[in-house]
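Understanding the architecture of this molecule
For reference, the chains in residue letters:
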Amino acid sequence: MVKWLRQAKASLMLNIIQNIFRIEELRQRIFFTLAMLFIFRLGAHIPTPGIDGAALTAFFDAQQGSILRFFDMFTGGALARLTVFALGVMPYISASIIIQLLTAVFPYLERLSKEGDAGRKKITSYTRYGTIVLSVVQGFAIAVGLESMAAPNGQPIVISTLSPWAFRALTVITLTAGTAFLMWVGEQISERGIGNGISLLIFAGIVVGIPGAIINSVRLVQDNVLSPLVLAVVGILMIVVVFLVIFAETAYRKIPVQYAKRMQGNRMYGGQSSHLPLKINTAGVIPPIFASSILAFPATITGFIAVPWVQAVGSQLQPGRMLYNFLFAIMIFFFAFFYTAITFNPVKIAEEMKKHGGYIPGIRPGKKTAEYVNLVLTRLTFGGAAYLAVVCLFPYILFDLFDIPFYFGGTALLIVVGVGLDLVNQIEAFLLNQNYDGFMKKTKRRQVSSALRL
C-alpha cells in the first residue's frame with residue numbers, strides 16, 4: 001500500500017508537469033521568466049569599475065551579522081561583490097513605500113489611485129522616478145563610503161586611477177543603471193512571465209545563497225565548530241517555520257453571508273449561502289520587506305558618520321540588536337495595518353453586499369456590516385502581524401538565548417515560502433483555466449486519503 005501511495009504521488013506530479021508544458025502560453029511565460037532570472041544572475045557577477053574585488057570580499061567577510069550582510073542576502077551576493085546590480089531592487093521597494101504613504105496623505109495621488117489603469121500608470125511613473133532618485137543617493141553614499149574603506153589587511157577597496165569625483169560619478173551611473181534595468185526586468189516578468197517580477201528577483205537572490213549556507217554548515221560540523229545536534233535542531237526548526245508560514249499564508253477566516261431571494265422578471269434569484277474569506281495575513285510579505293528597507297537607510301548613513309554617539313546608534317541598528325528588533329517589530333505591525341487598510345475597504349464590501357441582497361446573519365446591512373467586517377479584519381491583522389514579527393525575529397532571539405545560528409533567516413524564509421506559494425497559485429490558475437488538473441486535484445487527493453485510511 002505504501003508503494004502504491006508513492007507511485008500515485010509520483011504519477012500525480014509527473015502529470016502536473018506534463019500539463020504545464022502542454023499549455024503554450026504558460027510554457028512561454030515560464031521560459032521567459034527563467035531567461036530573465038538568468039540575466040539577473042549574470043549581471044550579479046559583472047563588477048563595478050575601479051574596485052578591488054578581493055579587498056571588498058575580505059571586508060564583507062569581516063562584517064558577519066552586520067546590516068551590509070543582511071541586505072547582501074537580498075541581492076544574491078551582488079552587494080558583497082559590488083556588481084552592477086549591487087543595489088538590487090531595494091530602491092524600487094523604498095520608492096513604492098514612499099508613494100503609498102504619500103497616496104494616503106495627498107488627495108491628488110489618492111485620486112490617481114482611483115482612476116483605474118490611467119491613474120495606476122501615472123503612479124507607476126512616479127515610483128520609477130523615485131527609484132532613480134533613491135538609487136543616485138544610495139550609489140553616491142556607497143561611492144563615498146568605499147573611498148574610506150579598506151580590507152582587514154589594510155588593502156584599499158578603491159583602486160581606480162580616476163579623480164574622486166569621476167569615480168563617484170562612474171559608480172553612481174553604474175549602480176543606478178543596474179537598478180533601473182532590474183526594475184525593467186521585474187516589470188517584464190510581471191507582464192510577460194509568471195509571478196510578481198520584483199518579488200521573484202528577491203526570491204532568486206535569497207535562494208542562490210541556500211546551497212552555500214548548507215555547505216558552510218557542513219564544514220562547521222566537520223571542523224567541530226558546530227555540533228551535529230545543533231545542525232539537526234536548526235534543520236527541524238526551519239521545517240517547523242516553513243509549515244507555520246504555509247499554514248498562516250493559506251489560512252482564511254470565513255464570514256458567513258446569506259443572500260435574500262428576489263424576483264427579476266419571471267425568475268427567482270438569491271436565497272443561497274456563501275462566505276466572505278478574510279486572510280489571516282492580508283499584507284503577505286510586504287511588511288517585513290518594507291520594514292527592512294526603511295531600517296536600511298539610517299543604518300547605512302550612520303556607518304559613514306565618524307561621530308561616537310552616531311556610531312553607537314548605528315551599532316544598535318544592526319540586525320539582532322535590541323533597538324533593531326524593537327523597531328523592526330513596530331514597523332511590521334504598522335505596515336501590516338497600513339497595507340491592509342489601503343487594499344481592503346470594509347465599507348465598500350458592505351455596500352456591495354447590500355447592493356446584491358447579501359447580509360451577515362445577525363448583523364444589519366450597511367454600516368453595522370462594515371463595522372463588523374472591520375472588527376474581524378483588525379483582529380486578524382493583529383494576529384497576522386504578530387506571526388510575521390515572530391517569524392522574522394525568531395532567528396535573532398534563538399541566537400541570543402541559545403547561541404544557535406539560524407543561517408537562512410526568518411525574513412528570507414518568509415519571503416521564499418510566500419513568493420513560492422504565490423507562484424504555485426498562479427500556475428494552478430493557468431492549469432484550471434485550461435481545464436487541466438492542478439497541484440491540488442481533488443480526485444487524486446481522495447485516492448491518497450483512501451489509501452491512508454486503508
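A brief look at the structure comes next.

Reading guide: rules and limits
- Residues numbered from 1 in each chain as written.
- Predicted model: local features only at pLDDT ≥ 70, side-chain atom pairs only at ≥ 80, totals over all residues.
- Heavy atoms only, no water.
- Helix = DSSP H or I, 4+ residues; strand = E, 2+ residues; numbered from the N terminus.
- Buried < 20%, exposed > 50% of the residue type's maximum accessible area, 1.4 Å probe, protein only.
- Contact = heavy atoms within 4.5 Å.
- Areas by Shrake-Rupley, 256 points an atom, 1.4 Å probe, with all protein chains shown as cover.
- Pairing = 2+ DSSP bridges.
- Axes fitted to C-alpha atoms, helices over the stretch in contact; angles between N-to-C directions.
- Left-handed = near helix turned anticlockwise from the far one by under 90°.
- Phe/Tyr/Trp six-rings, centres within 6.5 Å; stacked < 30°, edge-to-face > 60°.
- Lys NZ or Arg CZ within 6 Å of the ring centre and 35° of its normal.

When helices and strands are counted, the protein shows 19 helices and five strands. With 454 residues in all, the protein has 43% of them scored as buried. In the protein, once contacts between residues fewer than 6 apart in sequence are set aside, the share between residues at least 24 apart is 72%. Carbon and sulfur atoms make up 65% of the accessible area of the protein, which totals about 24,500 Å².

With that out of the way, let us pick up the pairing of strand β1 (residues 252–259). For β1 and strand β4 (residues 273–279), the ladder comprises seven bridges, and the chain directions are antiparallel. Following the sheet pairing, Tyr-252 is matched in β4 by Lys-279. Looking at chain direction, β1 and strand β5 (residues 358–359) are connected through two bridges and run antiparallel. Residue pairing in the sheet places Tyr-259 in a bridge with Gly-358 of β5.

So, about the packing of helix α8 (residues 117–147) against helix α9 (residues 164–192). Axes are the key here: two packed helices are described by the angle between their axes and the distance separating the axes. Between α8 and α9, the least distance of the axes is 8 Å, while the angle of their chain directions is 145 degrees. Relative to α9, the crossing made by α8 is right-handed. Of α9, the residues touching α8 (which contributes Thr-124, Arg-128, Thr-131, Ile-132, Ser-135, Val-136, Gly-139, Phe-140, Ile-142, Ala-143, Val-144 and Glu-147) are Pro-164, Trp-165, Phe-167, Arg-168, Thr-171, Val-172, Leu-175, Thr-176, Thr-179, Ala-180, Met-183 and Glu-187.

Scanning all chains against the criterion turns up eight aromatic pairs. Residues Phe-140 and Trp-165 carry aromatic rings whose centres are separated by 5.8 Å and whose planes lie at 25 degrees to one another, so their mutual orientation is stacked. Placement of the pair is Phe-140 in helix α8 and Trp-165 in helix α9, with a sequence separation of 25 residues. Aromatic side chains Phe-334 and Phe-335 sit 5.1 Å apart centroid to centroid with 70 degrees between the ring planes, which places their arrangement in the edge-to-face category. Residue Phe-335 is classed as buried on the basis of its relative accessible area, which comes to 4%. These aromatic residues form a ring-pair network of at least three members: Phe-40, Phe-85, Phe-181 and Trp-184. Stacked on the ring of Phe-40, the Lys or Arg Arg-41 has its end atom at 5.8 Å from the ring centre.

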